[in-house]
Amino acid sequence: DGDERFDGDERFDGDERFDCILIDVFDGDNMCPPAFSEPAFLDACRRRLGDDGVLIHNLHIGGKKREAALERAAAALRECFGHEVYRADSVGSSTYSGNAIFL
């Protein structure tokens, strides 16, 4: 229902580190569920990345609700990783539809 919260997951336990983690998940309204942009989830991802690892977060563009989600995700990513977040919009994106990729 979009109100789920991330409270840990056994897949985030362990010592294995990754070069890249890609977040590419959408619900029935074509929105990324809020739990995937919350600090607890992003912190868990950060801990699993290698020293030079990259987190890529794919979000949809279009409308006030999606733009607000983009702003929340960018703020959470900046807070979690402690540096600027880079955004690249997909080819053909407009203010009405498309994809925004955060690095």
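Structural notes, computed from the coordinates. Note that the structure is a prediction, hence the values are computed from the model and not measured.

Reading the values: the criteria
Residues numbered from 1 in each chain as written. Predicted model: local features only at pLDDT ≥ 70, side-chain atom pairs only at ≥ 80, totals over all residues. Heavy atoms only, no water. Helix = DSSP H or I, 4+ residues; strand = E, 2+ residues; numbered from the N terminus. Buried < 20%, exposed > 50% of the residue type's maximum accessible area, 1.4 Å probe, protein only. Pairing = 2+ DSSP bridges. Phe/Tyr/Trp six-rings, centres within 6.5 Å; stacked < 30°, edge-to-face > 60°. Expected span 1.5 Å × (residues − 1). Arc of directions from axis to C-beta. Contact = heavy atoms within 4.5 Å. Patch = residues over 30% accessible without salt bridge, like charges linked within 9 Å, V, L, I, M, F, W, Y side chains within 5 Å. Areas by Shrake-Rupley, 256 points an atom, 1.4 Å probe, with all protein chains shown as cover. Salt bridge = Lys/Arg side-chain N within 4 Å of Asp/Glu carboxyl O. Right-handed = clockwise from strand over helix to strand, strands pointing away.

**Let's talk about unusual backbone geometry**
It is generally the case that most residues other than glycine have a negative phi and that most peptide bonds are trans. Of note in the backbone geometry, Asn30 takes a positive phi value of approximately 65° without being a glycine. Considering the arrangement of structural elements, one finds Asn30 in the loop between β1 (18-23) and α1 (39-48). Residue classification places Asn30 among the partly exposed positions, given a relative accessible area of 36%.

**A short note on the pairing of strand β4 (residues 98-102)**
With 5 bridges connecting them, strand β2 (residues 49-61) and β4 associate as antiparallel partners. Counted as the bridge partner of Asn58 is Ile101 from β4.

**Regarding the packing of aromatic side chains**
Under the defined criterion, the tally for this structure stands at 1 aromatic pair. Considering the side-chain rings of Phe36 and Phe41, the 5.1 Å spacing of their centres and the 75° angle between planes classify their relative orientation as edge-to-face.

**Quick word on helix α2 (residues 63-81)**
For α2, with 19 residues, the first-to-last C-alpha span of 27 Å sits near the 27 Å given by 1.5 Å per residue. Those residues of α2 not exposed but buried are Ala69, Leu70, Ala73, Ala74, Ala76, Leu77 and Cys80. Projected down its long axis, α2 carries its buried residues within an arc of 170°, all on one side. Summarising the geometry of α2, the exposed residues directed more than 90 degrees from the buried face are Lys64, Glu71, Arg72 and Glu79. Buried positions along α2 lie against α1, β2, β3 (87-89) and β4. Once α2 finishes, Gly82 follows within two positions and takes phi at roughly 70°, a positive value.

**Quick notes on a nonpolar patch on the surface**
Where nonpolar side chains cluster on the molecular surface, the patch consists of Val54, Tyr86 and Leu103 and spans about 290 Å² of accessible area. Looking at the secondary structure, you find Val54 in strand β2.

**Some words on the pairing of β2**
For β1 and β2, the ladder comprises 5 bridges, and the chain directions are parallel. Of the residues in β2, the one forming a bridge with Cys20 is Val54. Once you follow β1 into α1 and on to β2, the crossover reads as right-handed.

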